[in-house]
Amino acid sequence: MLNVLIVDDSLIIRKNVKKYITSLGHNVVGEAQNGAQAIEACKKLKPDLITMDITMPDMDGITAVKNIRVFDKDVNVIMVTSHGQEEMIVSSLKAGAKGYILKPVSEEKLAKSIGTIFKEYNKEEGDSDDDLMDDLDE
Amino acid sequence: MKDKEAGEIETEILLPMLERAISFLTDDMQIKVTSNSAEVVCPNQVELKKNTAMIGTGGSIQVIITMSYDDRLLEKLVEAFLEGEEAGEDELDEIRESVSSEIVNTVVGNALTNPLDGTMLTITPPILIYEAKSLFKHKSSRIATAIVTTEFGDMLLTVIGPKESFADALNFKEL
């Protein structure tokens, strides 16, 4: 069971992601509505996994991931966002995200992304990024 | 943008969003779209409904994109997002705002293209407009709009540019 932090400025997305995470047998340890809150929550709660929106007020998700990786370089982050542009996906992966889900989010998409990250956990770095791009091409 | 005819950029941005809005309503929300109801026009005036969410783009193209809903359609969309769960009376207004914002965010984010130079465009967090508004075309401004008619009412999509021509005319609430 993973301890999960949900970061999104949208109430309905936080509610639905929480429902899916719980249904998948994991534990939601906290929620944040912007990047700055996410950094503080991550320091305090030390989650195993973060679901992170990109477009948020005050601090966006990509900036937040970069800041979180300063004190936790192994953090597992799945970007959950509406942006389908390839440059945005590449920016997210370069920032340190390990997965990318295109909204609308569903339990199936979350399960697949979590499965990919935690299956790849002990493999050489770089493999998971290739898998991610394959997933996006499907 | 000078090489393009007035409204051409806005229309090129609007068309993939119109297509995505229709597939979002039909496939993701299971709401029936009435056939032959969508058309793109470049009017001199647009009437925004009271349920309106807007997003701005950043990058080489700077426009405002709005999405308005009839009351009944928004209620059905809220039901679809809640997936059969009950919402408390105290959080229903916030959920309604959240759904309205999330749909424009999803449709715009999924479908945003840059017909000018292909470079990446960013989008702002969604903003809500709380009252019906009339937008009039300015001398240098461009408006492209489309209406999607569903079994529960209309969705109005509008792309207006340049962004700075209209930003001050819309009294909005940032979420």
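Each chain carries its own residue numbering, running from 1 in the direction its sequence is written. Written order determines the labels here, with chains lettered from A and ligands numbered from 1. Side-chain atom pairs in this predicted model are given and counted only at pLDDT of 80 or more, local residue features only at pLDDT of at least 70, and totals for whole chains, interfaces and linings cover all residues. Water and hydrogen atoms were dropped before computing side-chain values, which therefore reflect all heavy atoms in the structure.

Chemist: Help me out: how do you make sense of the overall build of chain A in this one?
Modeler: Regarding its fold elements, chain A presents six helices and five strands. Burial classes: relative accessible area under 20% of the type maximum marks a residue as buried, over 50% as exposed, and values in between as partly exposed (1.4 Å probe, protein chains only). Counting all 138 residues of chain A, 52% fall into the buried class. Restricting to contacts in chain A with at least 6 residues of sequence separation, those with at least 24 account for 62%. Put simply, chain A shows about 6,300 Å² of open surface, and 46% of that area lies on carbon and sulfur atoms. Note on conventions: DSSP H or I runs of at least 4 residues are helices, E runs of at least 2 residues are strands, and numbering of each starts at the N terminus. Residue contacts are defined here by distance: any two heavy atoms, one from each residue, within 4.5 Å place the two residues in contact. All accessibility values rest on the Shrake-Rupley procedure with a 1.4 Å probe; residue burial counts only the protein chains present in the view.

Chemist: Just to check I follow, could you spell out the confidence of the model for chain B for this structure?
Modeler: In low-pLDDT regions, the fine details of the predicted coordinates are not to be read closely. All names here are of chain B. Per-residue confidence for chain B averages 84 on the pLDDT scale, and 85% of its residues sit at or above 70. Every residue carries a pLDDT, the predictor's confidence in it, which falls somewhere between 0 and 100. In this model, residues 171-175 is a region of pLDDT below 50 whose contacts with residues beyond four sequence positions or in other chains number 19 contacts. Scored as a whole, the predicted complex attains pTM 0.85, and scored at its interfaces, ipTM 0.83.

Chemist: Could you clarify how one ought to interpret the interface of chain A and chain B in this entry?
Modeler: Accessible area lost upon the coming together of the parts serves often as the stated size of an interface. In this assembly, 21 residues from chain A lie in contact with 29 residues from chain B. Of the roughly 2,000 Å² buried between chain A and chain B on both sides combined, carbon and sulfur atoms contribute 53%. The term salt bridge refers to a side-chain nitrogen of Lys or Arg lying within 4 Å of a carboxyl oxygen of Asp or Glu. Put simply, chain A and chain B have three salt bridges between them. Between Lys 19 of chain A and Glu 83 of chain B there is a salt bridge, and its shortest N-O distance comes to 2.7 Å. Counting of polar contacts relies on pairs of N or O atoms within 3.5 Å, with two restrictions inside protein: one atom must be capable of donating a hydrogen and the other of accepting it, and residues adjacent in sequence are counted only when both atoms are side-chain atoms. The interface formed by chain A and chain B holds 14 residue pairs in polar contact (both at pLDDT 80 or more) in total. Those elements that provide at least two residues to the side of chain A that touches chain B are α1 (11-23) and α4 (86-95) of chain A. A total of seven residues in the side of chain A that touches chain B trace back to one element, the largest contributor, which is α1 of chain A. Only Asp, Glu, Lys and Arg are considered charged, only Ala, Val, Leu, Ile, Met, Phe, Trp, Tyr, Cys and Pro nonpolar, and every remaining residue, Gly among them, polar. Split into classes, the residues belonging to the side of chain A that touches chain B amount to nine nonpolar, seven polar and five charged. A simple way to read buried area is as the amount of 1.4 Å-probe accessible surface that goes missing from two parts once joined, with both sides added.

Chemist: Mind showing me how you'd approach helix α1 (residues 8-28) of chain B here?
Modeler: An α-helix turns once every 3.6 residues. As a result, residues three or four positions apart point the same way. Residues and elements named next belong to chain B. Taking 1.5 Å per residue as the helical rise, α1 with its 21 residues ought to reach 30 Å, and the 29 Å between its terminal C-alpha atoms agrees with that figure. Taken together, the buried positions of α1 are Ile 9, Glu 10, Thr 11, Ile 13, Leu 14, Met 17, Leu 18, Arg 20, Ala 21, Phe 24 and Leu 25. Each element contacted by the buried residues of α1 is listed here: β1 (40-41), β4 (64-69), α2 (71-82), α3 (89-111), β8 (142-150) and β9 (153-161). Just downstream of α1 lies Gln 30, where phi reads positive at about 60°. A helix is expected to reach a length of 1.5 Å times the quantity of its residues less one.

Chemist: What should I look at first to understand the packing of helix α2 (residues 35-45) of chain A against helix α3 (residues 61-71) of chain A in this one?
Modeler: For any two helices packed against each other, the geometry is given by the interaxial angle and the distance between the axes. All names here are of chain A. For every element, the axis is a line fit to its C-alpha atoms; helices are fit only across the contacting stretch, and the angle between N-to-C directions ranges from 0 to 180 degrees. For the pair α2 and α3, interaxial distance at closest approach is 9 Å and the crossing angle is 25°. Classed by the angle they form, the pair α2 and α3 counts as roughly parallel. Crossing handedness for the pair α2 and α3: right-handed. Mapping the contact onto sequence places Gly 35, Ala 38, Ile 39, Cys 42 and Lys 43 in α2 and Ala 64, Asn 67, Ile 68 and Phe 71 in α3. Across the contact of α2 with α3, the residue classes tally to six nonpolar, two polar and one charged. With respect to orientation, any angle under 35 degrees is reported as roughly parallel, any angle over 145 as roughly antiparallel, any angle of 65 to 115 as roughly perpendicular, and every other angle as oblique. For a crossing to be left-handed, the near helix must be turned anticlockwise from the far one by less than a right angle; the clockwise case is right-handed.

Chemist: Mind showing me how you'd approach the pairing of strand β3 (residues 51-58) of chain B here?
Modeler: Regular strands place their side chains on alternate faces of the sheet. Residue and element names in this part refer to chain B. A large share of β3 lies buried, amounting to eight of its eight residues. What you see with β3 is no split at all: Asn 51, Ala 53, Ile 55 and Thr 57 on one side and Thr 52, Met 54, Gly 56 and Gly 58 on the other are buried throughout. Paired strands, in this sense, are two strands between which DSSP finds at least two bridges. Bridge analysis of β3 against β4 gives six bridges, and the strand direction is antiparallel. Following the sheet pairing, Ile 55 is matched in β4 by Ile 65. Hairpin remark: β3 followed by β4, antiparallel, with five residues in the connecting loop; positive phi at Gly 59, about 120°. Taken together, the three bridges between β3 and strand β6 (residues 127-129) define a ladder with antiparallel strand orientation. Within the sheet, the bridge partner assigned to Ala 53 lies in β6 and is Leu 128. Relative to strand β5 (residues 122-123), β3 runs antiparallel, the two being bridged by two bridges. Each bridged residue has a counterpart across the sheet, and for Thr 57 the counterpart in β5 is Ile 123.

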